[in-house]
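The residues making up each chain are set out below.
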Amino acid sequence: ILTHGWPVDSTEWFYLKRQLARGIASLFIAFWPVIWFIGWLNCLSGLQHLFIRATNFAGRQTRGQVDYLSWLFTKSSPRRQGALASFAFDDVLALLPEIAVPALVVTGTNDRITRPDAGLTIRRALSSAESFELSPAGHMSLWEQHETFGNVVGDFAERAFAAHEQRVAAAV
């Protein structure tokens, strides 16, 4: 199950942006103590809450969700946040057709961090994928629309397991 999408970009500038982002992420890790301190100041002053509310949600969030995500972002190191993990592969799209299992791509219509069309790009690259768009939902769509998300994933899992059981029964 793919959620939110990967750092997929279909523009010609993708390679340049990736190199720039790698440099910024490396600086982020190098200056982690200063960034950590500033992060705590932002969390305590409420600026982190405003930023998270504006960039990660589409308006259906609870105060508890914003508080928790602010605390989580503030306490996490950049390595645990996966600051460099998204740059591990030179071409993620080239690997996706090799995935031979059913996949579900879930996106949020109001995601300001991962463009919603990245989900469509991933869906097209996977040989056996379905997609679902949560609306209204931002980057934290599975938090905002947790019931819908759970139902969509449950339905997908039932269909995937039923198809697998049919293939196994046909092979026997």
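Please refer to the structure placed before this passage.
Parameters and conventions
- Residues numbered from 1 in each chain as written.
- Predicted model: local features only at pLDDT ≥ 70, side-chain atom pairs only at ≥ 80, totals over all residues.
- Heavy atoms only, no water.
- Helix = DSSP H or I, 4+ residues; strand = E, 2+ residues; numbered from the N terminus.
- Buried < 20%, exposed > 50% of the residue type's maximum accessible area, 1.4 Å probe, protein only.
- Areas by Shrake-Rupley, 256 points an atom, 1.4 Å probe, with all protein chains shown as cover.
- Core = buried A, V, L, I, M, F, W, Y, C linked by side-chain atoms within 4.5 Å.
- Polar contact = N/O pair within 3.5 Å; in protein donor to acceptor, adjacent residues only side chain to side chain.
- Phe/Tyr/Trp six-rings, centres within 6.5 Å; stacked < 30°, edge-to-face > 60°.
- Expected span 1.5 Å × (residues − 1).
- Arc of directions from axis to C-beta.
- Pairing = 2+ DSSP bridges.
- Right-handed = clockwise from strand over helix to strand, strands pointing away.

**What about the overall build of the chain?**
Part 1 of the argument: Summing up its helical and strand segments, the chain has eight helices and three strands in all.
Part 2 of the argument: The helix and strand sequence of the chain, counted from the amino end, reads β-α-α-α-α-α-β-α-β-α-α.
Part 3 of the argument: Counting every position in the chain, which comprises 172 residues, the buried fraction comes to 33%.
Part 4 of the argument: About 10700 Å² of surface is accessible on the chain, with carbon and sulfur atoms providing 62% of the total.

**Some thoughts on the nonpolar core**
Part 1 of the argument: Judged by nonpolar contacts, L104, V106, L134, A137, F149, V152, V153 and F156 together constitute the single largest core of eight residues.
Part 2 of the argument: Elements with a minimum of two residues in this core: β2 (103–108) and α8 (146–171).
Part 3 of the argument: Among the elements that take part in this core, α8 stands out by supplying four residues, more than any other.
Part 4 of the argument: A103, V105, I122 and A125 belong to the second largest nonpolar core, which has seven residues in total.

**Things to note about the side chain of D111**
Part 1 of the argument: You can see D111 is positioned in the loop between β2 and α6 (116–125).
Part 2 of the argument: At a separation of 3.0 Å, a polar atom in the side chain of D111 contacts the side chain of H139.

**Focus on the packing of aromatic side chains**
Part 1 of the argument: Applying the stated criterion to the full structure yields four aromatic pairs.
Part 2 of the argument: Taking the centre distance of 6.5 Å and the plane angle of 40° together, the rings of F57 and W143 count as tilted. Taken together, the residues span a long stretch of sequence, with F57 in the loop between α3 (47–56) and α4 (63–75) and W143 in helix α7 (residues 141–144) at a distance of 86 residues. Each member of the pair, F57 as well as W143, carries the same accessibility label: buried.
Part 3 of the argument: Geometrically, the ring pair formed by Y68 and W71 is tilted, given 5.8 Å between the ring centres and 40° between the ring planes. Of this pair, Y68 and W71 both sit in helix α4, separated by three residues, roughly a single helical turn.
Part 4 of the argument: Judged by relative accessible area, Y68 falls into the partly exposed class, the value being 41%.
Part 5 of the argument: The rings of F57, Y68, W71 and W143 are connected pair by pair, giving a single aromatic cluster.

**A few points about α4**
Part 1 of the argument: For α4, with 13 residues, the first-to-last C-alpha span of 18 Å sits near the 18 Å given by 1.5 Å per residue.
Part 2 of the argument: Within α4 the residues assigned to the buried category are Q65, V66, L69, S70 and T74. Buried residues of α4, viewed axially, fall in a sector of 155°; they line one side.

**Remarks on the pairing of β2**
Part 1 of the argument: Among the six residues of β2, six are classified as buried, and the element is accordingly described as predominantly covered.
Part 2 of the argument: The side-chain alternation of β2 yields two buried faces, one formed by A103, V105 and T107 and the other by L104, V106 and G108.
Part 3 of the argument: Inspection of the sheet shows β2 paired to strand β3 (residues 129–134) by six bridges, in the parallel sense. Following the sheet pairing, V106 is matched in β3 by F132.
Part 4 of the argument: The parallel pair β2 and β3, bridged by α6, forms a crossover whose chirality is right-handed.

On their own, these measurements won't tell you what the molecule is for.
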